[in-house]
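# Analysis of the macromolecular model
In case you want the letters, here they are:
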Amino acid sequence: MDRREFLKSLTGAAASFCLGASVSCDRGKPAQSASTMPNIVLFIADDLGWKDLSYYGNSNITTPNIDRIAAEGMLFTNAFVTASSCSPSRASILTGQYPHSNGVTGLTHVRKRLMLSPFHRTFPELLAKSGMETAFEGKWHVAPYFPTGWYGYRQRLSGVLPKDFLIRSSERAVEFIRANRNNPFYLELNYMDTHRDDAGEFHFVPQFPVDADTISVPDYYTLPDWPEVRLDLAKYYSNLLLMDSMIGTVLDALDRNRISEKTLVCFVSDNGPPFPGNKMTLYDRGMAVPLIFRWPGKIEAGTRSNALASTIDIMPTLLEASGIPAPESAQGKPLLRLLQAENESAFREAVFAEMTYHVNYLPMRAARTRKWKYIRNYSDDPVGLDQCSHMAWARKICELPNQGWLRPRAPEELYDLENDPHEQTNLVADPARLQDLAAMRHLLDEHMRSTRDPFLGKSFDQRQ
C-alpha cells in the first residue's frame, strides 16, 4: 500500500490532519540531469549549541573534523532555526517552511497529529524524483509513525525503533557512499550524541574523555560556572567529540572514493544545547545554530558569512545546487549567492522563530534583526527545565534572578543585541525604546500575516 492508498483508508481526525496541509502534486521535470548533479551529504546534530564547536570559538575542546568542513568551506555566524525544538525544526529543514505552515508545531512522538503530512513537498523527495539515490540514518522525528519512503528516502540505513535512532558508527554510511560513488546521491545523517538519554543524562564516552576541572561554562549559556554544571557539560562535550569522530570517518570515505570534489556537504544543528534556559527558548542560545557548507570549486575555502540565515534556507539551497526549482510552498531563500561570496547585507532584514509546543504548551513568537530581538509570549506558562528537571543543580539555578525557567513569563520581551548579546535586560518597559518596540512589533506582525500564522491577534493568556 502506498502513502495515498494508506491516507485514503484513514477516517476522521487522522485524515483531516494528513490532508490539511498543502498537497504535493506534479513535481515537474528536473532542470539538471542526474549525471551533473552534485552528491549531497547533510549532517544534522541534535541539541548542539551554535558556539560549541572549536571553529566557532569554543576553547574547551577541539572538534577537528567539523572544523575541517568549515576550513574548506563557508561558516555562517548568524544562522537560526525556526523553532527551538526537534520535530518542528527538522520539518522546517525538509520543507523549507515555518512550523505553523507545515503543521509540525511540536514533538511528534508526543502529539502524533502533528506529524508532517506525506503530501508536503520535501527536498529528499524532489531529489529522488530527479534521479538521486537518497538515504538517511539516525533520528527520524518528523513523522516517526509513517514510513520514511513517503518523504523521499529510498533507503533507511537504521532501524525503525527509537533505540535504532542513535548512530553508533559510520559503517553503514561509508558503505552507502562506496556503493553509490558512481551515481549522484543524497545522504542525511541525523546524530543524537549531544541529546540527553531517556533518563535525562549524559555519560562519558571512554575514548573521548573530557576533564570537568579544565573547562568553563560558556558565557552564552548564561549559567553559573558551578562544578555540577561543568561535570554535565564535560559529558556533553565527550559525546560531541564522538560525533565529530564519526563525521570525520564519513569525510574520509568521500576522499577515499575520490568524490569529495563533487560533493556538497552541509552541517547544521536542530536547536540550542540541552541546558536550562537554552533549548526551548527563543533567545539566541536556543535558536542560533552552527551552519556550515563545503563545496570544493564552488565555495571558497575558509570563508564566513554574517548574513542572517535561517534553516528554511537549506531546502532551496540544496535544490538550487542540484538544478531543481524550489516549490512555491518553500518560504526560505537559497544561500548559493552568499556561498559564492556575493553581497550578504541585503540578503535578509530579519529572521523569525516560533514555539507552540515542545513536550508541553509553550506558545511564543520571535523576530530578530542584527540589533534587536523581540519575543511575544502568548501564555505565562514557564519554559521549564525539560530533561534537566530531575537535577538538583538545575532546580537550584532557577532560584537565581536571571534564571526564571520555573516562573511565569512576561507578555513581551525586547533585547538590544549589540549591547546585551546574552539577552539579560528586557527593555519593553523602557520609555526610550518605544519606537524600537513598535517597529519590532510591526515586523513580527507582518511576518505572521504574510505566513498566515494562526497566533496573529491572539492575546496573552495569564493562567495563574
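Residues numbered from 1 in each chain as written. Predicted model: local features only at pLDDT ≥ 70, side-chain atom pairs only at ≥ 80, totals over all residues. Heavy atoms only, no water.

### A few points about the packing of aromatic side chains
- Summed over the entire model, instances satisfying the criterion amount to 19 aromatic pairs.
- On the basis of an interplanar angle of 85° and a centroid distance of 5.6 Å, the ring pair of Trp-140 and Tyr-153 is categorised as edge-to-face. Taken as a pair, Trp-140 in the loop between strand S4 (133–138) and strand S5 (155–156) and Tyr-153 in the loop between S4 and S5 lie far apart in primary sequence, 13 residues in all. For the pair Trp-140 and Tyr-153, a shared accessibility class is recorded, and that class is buried.
- Pairing Tyr-236 with Tyr-237 gives two aromatic rings, centres 5.8 Å apart and planes at 40°, and the pair type is tilted. (Phe/Tyr/Trp six-rings, centres within 6.5 Å; stacked < 30°, edge-to-face > 60°. Helix = DSSP H or I, 4+ residues; strand = E, 2+ residues; numbered from the N terminus. Buried < 20%, exposed > 50% of the residue type's maximum accessible area, 1.4 Å probe, protein only.)

### A word on the confidence of the model for the protein
- Predicted confidence across the protein gives a mean pLDDT of 91, with 91% of residues reaching 70 or more.
- Predicted confidence for residues 1–31 stays below pLDDT 50, and this span has 46 contacts to residues more than four positions away or in other chains. (pLDDT = per-residue confidence, 0-100. Contact = heavy atoms within 4.5 Å.)

### Quick look at the environment of Phe-202
- Within the secondary structure, Phe-202 is located in the loop between strand S6 (185–190) and helix H8 (227–256).
- Residues contacting Phe-202, with those up to four places away along its chain left out, are Asp-193, Thr-194, His-195, Arg-196, Asp-232, Lys-235, Tyr-236, Asn-239 and Pro-274.

### Looking at the nonpolar core
- Ranked by size, the top nonpolar core spans 128 residues in total, and within it Phe-43, Phe-123, Leu-187, Phe-267 and Leu-291 carry the most contacts.
- Excluding residues within four positions of it along the chain, Leu-291 makes contact with Tyr-56, Met-74, Leu-75, Phe-76, Ala-79, Cys-266, Phe-267, Val-268, Ala-309, Ile-314 and Leu-335.
- By size, the runner-up hydrophobic cluster in this structure holds 16 residues, among which are Tyr-98, Ala-367, Trp-372 and Phe-455. (Core = buried A, V, L, I, M, F, W, Y, C linked by side-chain atoms within 4.5 Å.)

### With respect to the environment of Glu-328
- Here Glu-328 lies in the loop between helix H10 (314–321) and helix H11 (336–339).
- For the pair formed by Glu-328 and Tyr-378, sequence separation is 50 residues and the distance between their alpha carbons is 30 Å.

### With respect to the side chain of Glu-354
- Secondary-structure assignment places Glu-354 in strand S11 (residues 351–357).
- Its relative accessible area of 2% is what places Glu-354 among the buried residues.
- At a separation of 2.7 Å, a polar atom in the side chain of Glu-354 contacts the side chain of His-100. (Polar contact = N/O pair within 3.5 Å; in protein donor to acceptor, adjacent residues only side chain to side chain.)

### Some remarks on the pattern of salt bridges
- Under the criterion given, the structure shown has 25 salt bridges.
- Between Arg-196 and Asp-232 there is a salt bridge, with its nearest N and O atoms 2.5 Å apart. One end of the pair, Arg-196, is in the loop between S6 and H8; the other, Asp-232, is in helix H8, with 36 residues separating them in the sequence.
- Owing to a relative accessible area of 3%, Arg-196 belongs among the buried residues under this scheme.
- The structure contains a network of salt bridges with shared partners spanning Arg-68, Glu-72, Asp-252, Asp-255 and Arg-294. (Salt bridge = Lys/Arg side-chain N within 4 Å of Asp/Glu carboxyl O.)

### Examining empty space enclosed by the protein
- According to the stated counting rule, one finds two cavities of 30 Å³ or more in the structure shown.
- Its volume calculated, the largest cavity comes out at about 90 Å³.
- Looking at the largest cavity, it is lined by 13 residues, and the ones nearest its centre are Pro-274, Phe-275, Leu-385, Asp-386 and Cys-388.
- There is about 50 Å³ of room inside the second largest cavity.
- Forming the boundary of the second largest cavity are Ile-44, Arg-90, Ile-93, Leu-94, Lys-139, Trp-140, His-141, Val-142, Glu-188 and Asn-190.
- Considering only residue class, the lining of the second largest cavity consists of five nonpolar, two polar and three charged. (1 Å grid on protein atoms, 1.4 Å probe; cavity = no way out; pocket = protein on both sides within 12 Å on 5 of 7 lines; lining within 4 Å. Points joined across faces, edges and corners; volume = space filled by probe spheres on them. Nonpolar A, V, L, I, M, F, W, Y, C, P; charged D, E, K, R; others polar.)

### So, helix H4 (residues 86–95)
- A large share of H4 lies buried, amounting to 10 of its 10 residues.
- Considered for burial, the residues of H4 that qualify are Cys-86, Ser-87, Pro-88, Ser-89, Arg-90, Ala-91, Ser-92, Ile-93, Leu-94 and Thr-95.
- One or two residues past the end of H4 sits Gly-96, with phi positive at roughly 70°.

### A closer look at the layout of surface pockets
- The calculated volume of the largest pocket comes to roughly 960 Å³.
- Taken together, the residues of the lining of the largest pocket sort by class into 17 nonpolar, seven polar and 12 charged.
- Considered as a void within the structure, the second largest pocket measures approximately 410 Å³ in volume.
- Tyr-283, Gly-404, Trp-405, Glu-413 and Tyr-415 are the residues nearest the centre of the second largest pocket, which is lined by 24 residues in total.
- Taken together, the residues that form the lining of the second largest pocket break down as 11 nonpolar, eight polar and five charged.

### Re the sheet that holds strand S12 (residues 361–368)
- Across the sheet, which stays open at both edges, the four strands sit in the order S11-S12-S13-S14 with antiparallel pairing between neighbours. Where the open sheet ends on each side, the last strands, each with one partner, are S11 and strand S14 (412–416). Sheet twist, expressed as the mean angle between neighbouring strand axes with direction ignored, is 15°.
- By the bridge criterion, six bridges tie S11 to S12 in an arrangement that is antiparallel. If you follow Met-355 over to S12, its bridge partner there is Met-364.
- Contacting S11, S12, strand S13 (372–377) and S14, helix H13 (residues 434–450) runs over the sheet at an angle of about 65° to S13. (Pairing = 2+ DSSP bridges. Axes fitted to C-alpha atoms, helices over the stretch in contact; angles between N-to-C directions.)

### Notes on the packing of helix H3 (residues 64–71) against H8
- For the pair H3 and H8, interaxial distance at closest approach is 7 Å and the crossing angle is 50°. Overall, the two elements H3 and H8 adopt an arrangement that is oblique. Contacts between H3 and H8 involve Pro-64, Asn-65, Ile-66, Arg-68 and Ile-69 from the first element and Met-243, Asp-244, Ser-245, Ile-247, Gly-248, Leu-251, Asp-252 and Asp-255 from the second.
- Per-class residue counts for the contact of H3 with H8 are six nonpolar, three polar and four charged. (Parallel < 35°, antiparallel > 145°, perpendicular 65-115°, else oblique.)

### Brief notes about the sheet that holds S6
- Across the sheet, which stays open at both edges, the eight strands sit in the order S5-S4-S6-S1-S7-S8-S2-S9 with mixed pairing between neighbours. Two strands close off the open sheet at either side, each with one partner strand: S5 and strand S9 (303–305).
- In terms of strand pairing, strand S2 (residues 74–76) meets strand S8 (residues 291–294) through three bridges, oriented antiparallel. Across the sheet, Met-74 pairs through a bridge with Phe-293, a residue of S8.
- Each of strand S1 (39–45), S2, strand S7 (263–269) and S8 touches H3; the most contacted strand, S8, lies at about 65° to it.
- In this fold H10 packs onto S1, S7 and S8, with an angle of close to 175° to the strand it touches most, S7.

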